[in-house]
Amino acid sequence: NEYLSRGEEEEYQKLKQFVEIVASGGVVTDFQIHARIAVLNKNYSPSDNRKVPPLRYHHVRRLAREFPELNISLNGGVETLAGVKRELDECEELDGVMVGRGFV
């Protein structure tokens, strides 16, 4: 499985490269980054993709720190206003946190 064989730093570098490419033209400046990398193969259902791959909040925080000129919001797994506050307090560079389906 490609997901399991990828190292965490390699995973981050691929995400960073994607952001660099999309932002390079200066048109796109807002990114809502899901902290869970989906596994796109027939062995993972959408439900599995919401539970199996680990949340990597530190990747999103790192992007926010490395690209202060962009608006970076964290998405994935945050289900309470206390969780939103915790994430924003932990990384001042984050521009927002999306609240998931558990909030409703």
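A few points on the structure.

The rules we used
The numbers attached to residues start from 1 for each chain and follow its sequence in the written order. Totals for whole chains, interfaces and linings use every residue, but because this is a predicted model, local features are given only for residues with pLDDT of at least 70 and side-chain atom pairs only at 80 or more, for both listing and counting. Side-chain metrics rest on all non-hydrogen atoms present in the structure, leaving aside hydrogens and water. For our purposes a nonpolar core is just a set of buried Ala, Val, Leu, Ile, Met, Phe, Trp, Tyr and Cys residues, chained together by side-chain atoms within 4.5 Å. Relative accessibility thresholds used throughout: buried, under 20% of the residue-type maximum; exposed, over 50%; partly exposed, between the two (1.4 Å probe, protein chains only). Runs of H or I in DSSP of at least four residues are treated as helices and runs of E of at least two as strands, each being numbered from the N terminus. Here, residues are in contact when the closest pair of their heavy atoms is within 4.5 Å. By the convention used here, strands pair only if DSSP detects at least 2 bridges between them. Here an angle of 0 to 180 degrees is reported between the N-to-C directions of two axes, which are lines fitted to C-alpha atoms, with helices fitted over the stretch in contact.

With that settled, consider the nonpolar core. Ranked by internal contacts, the top residues of the largest apolar core, which has 20 residues, are I33 and I72. Among the secondary structure elements, those contributing two or more residues to this core are α2 (8-23), β1 (30-34), α4 (57-66) and β2 (71-75). For I33, the contacting residues outside a window of four places in its chain are L15, V19, V60, L63, I72, S73, L74 and N75.

For the rest of this paragraph, the subject is the sheet that holds β2. Spatially, β1-β2-β3 is the arrangement adopted by the three strands of the open sheet, whose pairing is parallel. A single partner strand is all that each edge strand has here, and the edge strands are β1 and β3 (96-97). The pairing of β2 with β3 spans two bridges and is classified as parallel. The residue bridging L74 from the neighbouring strand is V97, located in β3. Each of β1 and β2 is contacted by α4, which is oriented at about 170 degrees to β2, the strand it contacts most.

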